[in-house]
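Commentary on secondary and tertiary structure
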Amino acid sequence: MQTEAHKKIQTKQGELSVSKKAENYTMRVFYLLAIVFVVDGHIQKGHMFEMNGLFRYYSFHLMMFAFGSGYFFKLYGKPVNDMLHRAKKLLLPLYFWNLVYGVGAAVLRRFGGFELGEPLSAYTLLLAPLADGEHFVWNLGSWFIFPLFCVQVFYALIHRLSRLWHENEVMTFLLCLIPGCVAVQLCYTGRQDALPLWMLRPMILLSGFAGGMLYRRVLERRDHLPTVPYLIGIVILRALLCARYENLAYLLSDCSYFVCDAFGVYAGAALAIAFYLRISRLLAPYIGKSRLALAISRNTFDLMMHHYMGFFALNGFFLVVHMLGLGAANFSVHSFRTDANYLYVSGNHAEWGVLYLLCGVTLPLLIGQTVRKLGSCVKTRPVSYTHIRAHETPEHLVC
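Residues numbered from 1 in each chain as written. Predicted model: local features only at pLDDT ≥ 70, side-chain atom pairs only at ≥ 80, totals over all residues. Heavy atoms only, no water.

**Points about the overall build of the protein**
- A count of helical and extended segments in the protein gives 14 helices and zero strands.
- Along the protein, helices (α) and strands (β) appear in the sequence α-α-α-α-α-α-α-α-α-α-α-α-α-α when read from the amino end.
- Out of the 399 residues in the protein, the part that is buried amounts to 49%.
- Considering only intrachain contacts with a sequence separation of at least 6, the fraction spanning at least 24 residues in the protein is 73%.
- Carbon together with sulfur atoms contributes 66% to the accessible area of the protein, which is approximately 19400 Å² in total. (Helix = DSSP H or I, 4+ residues; strand = E, 2+ residues; numbered from the N terminus. Buried < 20%, exposed > 50% of the residue type's maximum accessible area, 1.4 Å probe, protein only. Contact = heavy atoms within 4.5 Å. Areas by Shrake-Rupley, 256 points an atom, 1.4 Å probe, with all protein chains shown as cover.)

This is how it looks when you write it as structure tokens:
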């Protein structure tokens, strides 16, 4: 006969096993790779994992985040409640950090001699986070948040209407692909000014988001091809696609540098996502053993929001070394104050990019942890934007 204590122990063990079973380590790795690609893509001497240009980050890495967010999509009650929930989780933290970085940029311009970032104004505080997102420089990655919010809201509407076509995920995906193709073709033909950025960005990302749901509900259970021929086949197709087009990469932040049409954009992204999904599955058994890897994959919002601050901090360290005469003799103080993308590389060695990658990853984690601890100290729940869980809700999966 079991005692109450034994029953409680078994209950707790059962809860732990269920929680552990619910942990999606494949998507943990997927997000780990995606955020590393984003940070590394902003390092001039970086781009260390592009396989000699076969998988250029800017041809797929943001589509990876849209795909992952779509994979975990779910509705939150009625349409108005659903939209308010997403606004609370995405737009409130967006405006909070916009204010923080806006004040910080103003202080650096006033007292540090910097010439970066736009002045504080009603536009930069209220409208720019939605229409631009790159105006204060050091939170450059925040431009992605409003497009993701729009994608989620629009997909939620389509998902509610999908009962009209019997919730056929293939049909839903094809419907979401239409506005994306229109937007890409506008950019490809140089007519991106026909629509504002706040519309073009989510239109292009929408099909990636829908692809995540399509994979979860339809394709994932069929994804059992042998790994070696599967990966080789993707590499060959990707190489052929690269040979067909001059460059698969494009700049989604301002919808420029599109040198391939809609087929090239979406076929290239689909191949890259398929490739890294399989890589993620292979690495999934090992990520649970690494606290750092889990921390990175669970806090992609922090990394995307603050990785430029990591670069700035390392530049600041080299500035101190330079001013003390201890090294970094060719550090450019002028470029540090005027060029948002300036990174000090001694002797033009590309290997120094690793240092910026490490700082761009670790400092945002420290910022997030600090905010959470401050929230605990004042006995209030830490703001949810610093607590990104890749296995929870879609609004937590942002870059």
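**Focus on the side chain of Asp40**
- By secondary structure assignment, the location of Asp40 is in helix H2 (residues 25-41).
- Leave out the neighbours within four places in its chain, and Asp40 touches Gly46, His47, Met48, Phe49, Tyr57 and Leu357.

**Examining the packing of helix H4 (residues 79-111) against helix H12 (residues 300-323)**
- The geometry of H4 relative to H12 is characterised by a closest axis approach of 12 Å and an angle of 10° between their N-to-C directions. In terms of axis orientation, H4 runs roughly parallel to H12. Contacts between H4 and H12 involve Pro93, Trp97, Tyr101 and Leu108 on the former and, on the latter, Phe301, Met305, His306, Met309 and Phe312.
- Counted by class, the contact of H4 with H12 contains eight nonpolar, one polar and no charged residues. (Axes fitted to C-alpha atoms, helices over the stretch in contact; angles between N-to-C directions. Parallel < 35°, antiparallel > 145°, perpendicular 65-115°, else oblique. Nonpolar A, V, L, I, M, F, W, Y, C, P; charged D, E, K, R; others polar.)

**A few points about the confidence of the model for the protein**
- Mean pLDDT over the protein works out to 88, with 89% of the residues at or above the 70 mark.
- For residues 1-20, every residue scores under 50 in pLDDT, and the model assigns this stretch two contacts once sequence neighbours within four places are set aside.
- Segment residues 382-399: pLDDT under 50, and 71 contacts once partners within four positions in sequence are set aside and those in other chains are kept. (pLDDT = per-residue confidence, 0-100.)

**Thoughts on the environment of Val354**
- Its location among the elements puts Val354 in helix H14 (residues 353-377).
- In sequence terms Val354 and Gly46 are 308 residues apart; their C-alpha atoms lie 7.3 Å from each other.

**A look at helix H5 (residues 122-131)**
- Among the residues of H5, Thr124, Ala128 and Pro129 are the ones counted as buried. All buried residues of H5 fall inside an arc of 100° around its axis, so they share one side. What points out from H5, more than 90 degrees from its buried face, is the exposed set Ala122, Leu126 and Leu127.
- Among the structural elements, H4 and helix H6 (145-161) are those in contact with the buried residues of H5.
- In the stretch just after H5, Gly133 is the one whose phi turns positive, near 95°. (Arc of directions from axis to C-beta.)

**Regarding the environment of Leu355**
- By the element assignment, Leu355 lies in helix H14.
- The exposure class of Leu355 is partly exposed, given its relative accessible area of 38%.
- For Leu355 and Gly46, which are 309 residues apart along the polypeptide, the C-alpha to C-alpha distance reads 10.0 Å.

**Remarks on unusual backbone geometry**
- Unlike most non-glycine residues, His166 shows phi in positive territory, near 60°.
- Checked against the element boundaries, His166 lands in the loop between H6 and helix H7 (169-188).
- For His166, a relative accessible area of 74% corresponds to the exposed category.
- If you check the backbone angles, Ala328 has positive phi at about 50° while not being a glycine.
- Looking at where Ala328 falls in the secondary structure, it is placed in the loop between H12 and helix H13 (333-338).

**Re the packing of helix H3 (residues 61-71) against helix H10 (residues 262-287)**
- For the pair H3 and H10, the least separation of the axes is 10 Å and the interaxial angle reads 65°. Taken together, H3 and H10 sit at an angle that is classed as roughly perpendicular. Seen from above, H3 lies across H10 with right-handed handedness. For the pair H3 and H10, contact is made by Met63, Met64 and Phe67 and by Tyr266, Ala269, Ile273, Tyr276 and Leu277, respectively.
- For the contact of H3 with H10, the residue count by class is eight nonpolar, no polar and no charged. (Left-handed = near helix turned anticlockwise from the far one by under 90°.)

**Here's the deal with helix H9 (residues 227-244)**
- Taking 1.5 Å as the rise per residue, H9 with 18 residues should run 26 Å; its terminal C-alpha atoms sit 26 Å apart, in good agreement.
- Packed against the buried residues of H9 are H10. (Expected span 1.5 Å × (residues − 1).)

**Quick notes on the side chain of His159**
- For His159, the location among the structural elements is in helix H6.
- Setting aside its immediate chain neighbours within four residues, His159 contacts Phe73, Leu75, Glu169 and Arg217.

**Topic: the nonpolar core**
- Of all hydrophobic cores here, the largest spans 114 residues; its most connected members are Phe30, Ile35, Phe60, Ile204 and Tyr276.
- Ranked by the residues each element gives to this core, the list is headed by H10, at 13 residues.
- Once residues lying within four places of it in the same chain are set aside, the contact partners of Phe30 are Met64, Phe67, Gly68, Ile273, Tyr276, Leu277 and Ser280. (Core = buried A, V, L, I, M, F, W, Y, C linked by side-chain atoms within 4.5 Å.)

**With respect to a nonpolar patch on the surface**
- On the surface, Met48, Phe49, Val354, Leu355 and Leu358 cluster together into a nonpolar patch covering about 400 Å² of accessible area.
- Tracing the backbone shows Met48 in the loop between H2 and H3. (Patch = residues over 30% accessible without salt bridge, like charges linked within 9 Å, V, L, I, M, F, W, Y side chains within 5 Å. Salt bridge = Lys/Arg side-chain N within 4 Å of Asp/Glu carboxyl O.)

**Brief notes about the pattern of salt bridges**
- Scanning all chains against the criterion turns up seven salt bridges.
- One salt bridge connects Asp223 with Arg281, and the closest N-O pair in it is separated by 2.8 Å. With Asp223 in the loop between helix H8 (197-219) and H9 and Arg281 in helix H10, this residue pair connects regions lying 58 residues apart in the sequence.

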